[in-house]
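# Coordinate analysis (summary)
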Amino acid sequence: MICNSRDISERVKLQKEINKNYERFTALFELSPVAIAVSNMKGQIVDFNNSFVKLLEYSPEESKKLTIKDISHPEDLETNLLLRKTLLSRERASMEMKKRYFSKSGKTVETYLNVVLQNDEQGNPAFFLGQIIDISDIEKGRQKLEESEREYRDLFDNSYDL
């Protein structure tokens, strides 16, 4: 009878650490108040968190069928695609822009978008990881302030000295 034994305590310890890290990052992804979307090189959305679903009002099943083009405001899409090319050319590590999306109900959602490129094991581009912050309320406030300033200026410019 031949017996062979191997100490796997280090391997078990590493697996526990991997599981702990996986749970931590899964919670960070799923519970983040920031919308997160992962798209492949063709622009298909392949993963997303609950905040993304809430922001754009699509169900998880519907979200899986979306592409970047489906939800992007046409005026912002060209800039978005150009910035993605700068990531692919390795000119930049991340890209940022104000971007408008269309929700399922048709409303325009003003956002701040930050995207990084994720490579595969061979170093080839694989996915774009996007963090999307809803700034609709900020933009509405800015527009109201600009309108108020215009009205005040008009009132001041058209007032007569008494």
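Placed above this text is the structure.
Quick notes on the rules
Residues numbered from 1 in each chain as written. Predicted model: local features only at pLDDT ≥ 70, side-chain atom pairs only at ≥ 80, totals over all residues. Heavy atoms only, no water. Pairing = 2+ DSSP bridges. Helix = DSSP H or I, 4+ residues; strand = E, 2+ residues; numbered from the N terminus. Axes fitted to C-alpha atoms, helices over the stretch in contact; angles between N-to-C directions. Contact = heavy atoms within 4.5 Å. Core = buried A, V, L, I, M, F, W, Y, C linked by side-chain atoms within 4.5 Å. Buried < 20%, exposed > 50% of the residue type's maximum accessible area, 1.4 Å probe, protein only. Salt bridge = Lys/Arg side-chain N within 4 Å of Asp/Glu carboxyl O. Lys, Arg positive; Asp, Glu negative; His and termini not counted. Polar contact = N/O pair within 3.5 Å; in protein donor to acceptor, adjacent residues only side chain to side chain. Patch = residues over 30% accessible without salt bridge, like charges linked within 9 Å, V, L, I, M, F, W, Y side chains within 5 Å. Areas by Shrake-Rupley, 256 points an atom, 1.4 Å probe, with all protein chains shown as cover. Charge placed at Lys NZ, Arg CZ, Asp CG, Glu CD.

This brings us to the sheet that holds strand 5 (residues 125–134). If you walk across this open sheet you meet the five strands as 2-1-5-4-3, and the pairing is antiparallel. One side of each edge strand has no neighbouring strand; the edge strands of this open sheet are strand 2 (45–48) and strand 3 (94–102). Taking each pair of neighbouring strands and ignoring which way they run, the sheet shows an average axis angle of 30 degrees. Contacting strand 1 (35–40), strand 3, strand 4 (108–119) and strand 5, helix 5 (residues 74–88) runs over the sheet at an angle of about 155 degrees to strand 3.

Turning our attention to the nonpolar core. Counting 24 residues, the largest nonpolar core has Ile45, Phe52, Leu56, Ile71, Met95, Leu113 and Ile132 as its most contacted members. Only strand 1, strand 2, helix 2 (50–56), helix 4 (68–71), helix 5, strand 3, strand 4 and strand 5 provide two or more residues apiece to this core. Ignoring any residue separated from it by four or fewer positions in sequence, one finds methionine 95 in contact with Asn80, Leu83, Arg84, Leu87, Leu113, Asn114 and Val115.

Time to look at the pattern of salt bridges. A full pass over the atoms with the stated rule returns four salt bridges. The salt bridge partner of lysine 107 is glutamate 57, with a shortest N-O separation of 3.7 Å. On the criterion of sequence distance, the pair formed by lysine 107 in the loop between strand 3 and strand 4 and glutamate 57 in the loop between helix 2 and helix 3 (60–63) is long-range, its members being 50 residues apart. Look at lysine 107 and you get partly exposed, because its relative accessible area is 45%. Residue class for glutamate 57 comes out partly exposed when judged on its relative accessible area of 33%. The salt bridge partner of lysine 104 is glutamate 62, with a shortest N-O separation of 2.7 Å. Here glutamate 62 lies in helix 3 and lysine 104 lies in the loop between strand 3 and strand 4, a separation of 42 residues in the sequence. Owing to a relative accessible area of 46%, lysine 104 belongs among the partly exposed residues under this scheme. Residue glutamate 62 is classed as partly exposed on the basis of its relative accessible area of 29%. One connected set of salt bridges, linked through shared partners, spans Glu75, Asp76 and Arg100.

With respect to the helices and strands, the residue lysine 99 is situated in strand 3. An unpaired buried charge is present at lysine 99: no salt bridge exists, and aspartate 76, the closest side chain of opposite charge, is 7.2 Å distant. Separated by 2.9 Å, the side chains of lysine 99 and asparagine 80 make a polar contact. Setting aside its immediate chain neighbours within four residues, lysine 99 contacts Ile68, Ser72, Asp76, Asn80, Val109, Glu110, Thr111 and Leu113.

Right, let's get into unusual backbone geometry. Not every positive phi belongs to a glycine, and glutamate 57 is a case in point at roughly 70 degrees. For arginine 90, which is not a glycine, the phi torsion comes out positive at approximately 70 degrees. Tracing the backbone through its elements, the reader meets arginine 90 in the loop between helix 5 and strand 3.

With that settled, consider a negative patch on the surface. On the surface, a cluster of negative charge is made up of Glu147, Glu151, Asp154 and Asp157. With respect to the helices, strands and loops of the structure, aspartate 154 is situated in helix 6 (residues 136–157). For aspartate 154, a relative accessible area of 47% gives the class partly exposed.

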